[in-house]
Each structure stands twice: as C-alpha cells, then as structure tokens.
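Geometric and topological summary
Chain by chain, the residues:
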Amino acid sequence: MLVRAKQRGLKLVAQNFHTRYGELDLVLRDGQTLVIVEVRYRARDDFGEAAATVTQAKQRRIVAATKGYMAAHNQWRDAPVRFDVVGVNAAGELNWIEQAFLAE
C-alpha cells in the first residue's frame, strides 16, 4: 500500500492515527494537500467491492477524525484535504479511488 502511495508521489505523514472519533488508516501528503486514505478489505466480491463499504456514516466519522487530527497538528490546520478510499480484494489487488467523497 505504501509503495503504491510513493509511486503516486504521496508522502506518509501518519498511519493508524486514533482519535475519539475513530481511526485514520493513512494520512499522506500530496504537496500541500493532506490526503486521508481509508483502506477497506473484502475477501469476496459477492456483495460489491470493498470501497463500496464506506457508508455515509463512516465518511462522517472519517471527517470528524480528520478534524481532530488537524486540530492536534497545527501545521495542517488550514491545509486542503482530500479523502481517498482504497479497496483491497482477496488477491491483493488495489482499487485506489481519489477524492472518493467530500467533507460535508
């Protein structure tokens, strides 16, 4: 996963960051943009792709956790933010969706 991020020119800032609102799987940097990546795994595709499991409720938790992260790290307080989702299937294939959702 991190190799793929580096290939995209992204730099690791944090991983598995816990807040009272939830966990951020990956926090990356793309220039001045903070990139929050939610990683989802599915062993089978019978009921849809892994990325499709990021519901609106999960999106709200990710956004809240991101605000907590930004408040705790002043250098990111005013940074633009992008929310990506990476779906991983049983074969280890990645489906990286940039700007998968927007903060409400």
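Right above here is the structure, for reference.
Cut-offs applied
Residues numbered from 1 in each chain as written. Predicted model: local features only at pLDDT ≥ 70, side-chain atom pairs only at ≥ 80, totals over all residues. Heavy atoms only, no water. Helix = DSSP H or I, 4+ residues; strand = E, 2+ residues; numbered from the N terminus. Rg over C-alpha atoms; globule rule 2.2 N^0.38 Å. Buried < 20%, exposed > 50% of the residue type's maximum accessible area, 1.4 Å probe, protein only. Contact = heavy atoms within 4.5 Å. Phe/Tyr/Trp six-rings, centres within 6.5 Å; stacked < 30°, edge-to-face > 60°. Salt bridge = Lys/Arg side-chain N within 4 Å of Asp/Glu carboxyl O. Core = buried A, V, L, I, M, F, W, Y, C linked by side-chain atoms within 4.5 Å.

1. Some remarks on the overall build of the protein chain
- When helices and strands are tallied, the protein chain shows two helices and five strands.
- Along the chain direction, N to C, the helices and strands of the protein chain fall in the order α-β-β-β-α-β-β.
- The C-alpha radius of gyration computed for the protein chain amounts to 13 Å, which stays within 12% of the reference 13 Å derived for 104 residues, consistent with globular compactness.
- The principal-axis extents of the C-alpha atoms in the protein chain amount to approximately 40 × 30 × 20 Å.
- A total of 104 residues make up the protein chain; the buried ones form 37% of that total.
- Residue pairs at least 24 apart in sequence account for 50% of intrachain contacts in the protein chain once pairs closer than 6 positions are excluded.

2. Overview of the packing of aromatic side chains
- Across all of its chains, the model carries two aromatic pairs by this definition.
- For the ring pair phenylalanine 17 and tyrosine 69, a centre distance of 4.7 Å and an interplane angle of 90 degrees mean the geometry is edge-to-face. One end of the pair, phenylalanine 17, is in strand 1 (residues 11–19); the other, tyrosine 69, is in helix 2 (residues 56–72), and 52 residues separate them in sequence.
- Ring geometry for phenylalanine 83 against phenylalanine 101: centres 4.9 Å apart, planes inclined by 20 degrees, an arrangement best described as stacked. Here phenylalanine 101 lies in strand 5 (residues 94–101) and phenylalanine 83 lies in strand 4 (residues 81–88), a separation of 18 residues in the sequence.

3. Some remarks on the pattern of salt bridges
- In the structure shown here, the tally under the stated rule is five salt bridges.
- A salt bridge links arginine 8 to glutamate 98, with the shortest nitrogen-to-oxygen separation between them at 2.8 Å. Of this pair, arginine 8 sits in the loop between helix 1 (2–7) and strand 1 while glutamate 98 sits in strand 5; the two residues are 90 residues apart in sequence, bridging distant segments of the chain.
- Residue glutamate 98 is classed as partly exposed on the basis of its relative accessible area, which comes to 43%.
- With its nearest N and O atoms 2.9 Å apart, the salt bridge here joins aspartate 84 to arginine 82.
- Using a relative accessible area of 0% as the deciding quantity, one classes aspartate 84 as buried.
- For arginine 82, a relative accessible area of 10% translates into the label buried.
- One salt-bridge network, held together by shared partners, links Asp30, Arg82 and Asp84.

4. Describing the nonpolar core
- Judged by nonpolar contacts, the single largest core of 17 residues is most densely connected at Leu24, Val27, Leu34, Ile36, Ile62, Tyr69 and Phe101.
- Breaking this core down by element, the ones donating at least two residues are strand 2 (22–30), strand 3 (33–41), helix 2 and strand 4.
- Take this core: its biggest share by element is five residues, from helix 2.
- Not counting residues within four places of it along the chain, the set of residues in contact with leucine 34 comprises Val27, Leu28, Tyr69, Met70, Trp76, Pro80, Val81 and Arg82.
- Of all hydrophobic cores here, the second largest spans nine residues; its members include Leu10, Leu26, Leu28 and Trp96.

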